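Okay, here's what each chain looks like letter by letter:
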Amino acid sequence: MKIIVIDDSMTTRRIIKNTLNQLGFEDIVEAENGLDALTKMDGIQLILTDWNMPEMDGLTFVKTVKSSVAYKNIPIIMITTEAGKDDIIEAIKSGVSNYIVKPFTKAILEEKVKAIISN
Amino acid sequence: MNVEYINPFIASTINALSVMAAVNPVLGKPYLREDNTIRSDISGSIGIAGEVVGSVALNFPESLAMKITGNMLDDVVNEVNDYVRDTVGEIANMVAGGAKKTLLEKGFHLQIALPIVISGHNLNTMYPRDFPCVVVPFTIDGENFFLEIALDFPAK
Ligand SMILES: [Mg+2]
């Protein structure tokens, strides 16, 4: 399974990548923001994205992906510091399948990724 | 500045560092900053706008920033590299984001900006002079770091 990890924090990208590797996923693509990610979507089967990023934020990226014929069915997990109820509702309405609030544990990330995969 | 407004930042600092880096920050006694005596090597700050205006910053000595980064990456970190600077910014982002949620529940609507990280040696930390700045000292394994909160809350 090919997975894209989108976050402007290189530390957070590496933490997420380490966890995915431990779950057995090896084909991981990294992007620094939504705009960068849009150029790396070929063959992607799962998206893990941050919200607050320069160039193109995560919510705009999600809306762009969901309006694209080619990519609209790819499941999206949002991993963000934005934890307000209205923010979470807005993200889900925009097409996010699962939501993780930073700071997060590896256990939570594993649980949410497994839940998506088993669907 | 009301302690009711400071506590969300203290709580989110402890939460971010304990969850992400498995360290236990011990809270010291907060005080109002009145001079330029706060020194640090790496500072991560987040601008805040909306009904609450100002900034919040986390200021670390090199050794502590390397330790936190190493714990987060499950790796040995013995120089101040891009990962260390990035980590300080991302922790500041989590601190501001966590406090934002609590303040929202208290009725304050605010937005947080992207982190700005400055690194060097023994820097004099920056803060907006227009607002009162509360300094919150913490200790991890005998080393100090500082949370600085310089915010203007509307009268409610
Ligand atoms: Mg971010």
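Quick caveat: nothing in here was measured; it's all calculated off a predicted structure.

> Got a minute to help me understand the nonpolar core in this structure?
Nonpolar side chains in soluble globular proteins tend to end up buried together. One finds A:Leu20, A:Leu48, B:Phe9, B:Phe60 and B:Leu147 to be the most contacted residues of the largest nonpolar core, which totals 60 residues. Apart from the residues lying within four places of it in its own chain, the contact partners of B:Phe9 are B:Ile48, B:Val56, B:Val95, B:Ala99, B:Leu103, B:Leu147, B:Ile149 and B:Leu151. Judged by nonpolar contacts, the second largest core, of 21 residues, contains A:Ala31, A:Leu59, A:Val62 and A:Ile74.

> I keep staring at the coordination of the magnesium ion and nothing clicks. Help me out?
Each pair of donors in an ideal four-coordinate tetrahedral metal site encloses 109.5 degrees, whereas pairs in an ideal six-coordinate octahedral site enclose 90 or 180 degrees. The protein atoms that coordinate the magnesium ion are A:Asp8 (OD), A:Asp50 (OD) and A:Asn52 (O), at distances of 2.1 to 2.3 Å. Residue classification places A:Asp50 among the buried positions, given a relative accessible area of 1%.

> I keep staring at the sheet that holds strand E2 (residues 28–31) of chain A and nothing clicks. Help me out?
Pairing between the strands of a sheet comes from backbone hydrogen bonds, and it takes one of two forms, parallel or antiparallel. All names here are of chain A. Strand order in the open sheet made by the five strands is E2-E1-E3-E4-E5, with parallel pairing throughout. The open sheet is flanked by E2 and strand E5 (98–101), the only strands paired with a single partner. Ignoring which end each strand starts from, the neighbouring axes of this sheet average 15° apart. Of the strand pairs in this sheet, strand E1 (residues 3–6) and E2 are connected by four bridges, and their pairing is parallel. For Ile3, the partnering residue across the bridge sits in E2 and is Ile28. Contacts between helix H1 (residues 10–22) and the sheet are confined to E1, E2, strand E3 (46–49) and strand E4 (76–80), with E2 contributing the most and set at about 170° to the helix.

> Sorry, what's going on with the interface of chain A and chain B here?
In this assembly, 22 residues from chain A lie in contact with 21 residues from chain B. Counting the surface lost from both chain A and chain B, the interface buries some 1,900 Å², and carbon and sulfur atoms represent 58% of this. Taken together, the connections running from chain A to chain B amount to four salt bridges. Considering each element in turn, the side of chain A that touches chain B owes the most residues, six residues, to H1(A). Class assignment for the residues of the side of chain A that touches chain B results in seven nonpolar, eight polar and seven charged.

Conventions we followed
- Residues numbered from 1 in each chain as written.
- Chains lettered and ligands numbered in written order.
- Predicted model: local features only at pLDDT ≥ 70, side-chain atom pairs only at ≥ 80, totals over all residues.
- Heavy atoms only, no water.
- Core = buried A, V, L, I, M, F, W, Y, C linked by side-chain atoms within 4.5 Å.
- Buried < 20%, exposed > 50% of the residue type's maximum accessible area, 1.4 Å probe, protein only.
- Contact = heavy atoms within 4.5 Å.
- Donors = N, O, S within 2.8 Å, 3.2 Å for Na, K, Ca; no water.
- Pairing = 2+ DSSP bridges.
- Helix = DSSP H or I, 4+ residues; strand = E, 2+ residues; numbered from the N terminus.
- Axes fitted to C-alpha atoms, helices over the stretch in contact; angles between N-to-C directions.
- Buried area = accessible area lost by both parts, 1.4 Å probe.
- Salt bridge = Lys/Arg side-chain N within 4 Å of Asp/Glu carboxyl O.
- Nonpolar A, V, L, I, M, F, W, Y, C, P; charged D, E, K, R; others polar.

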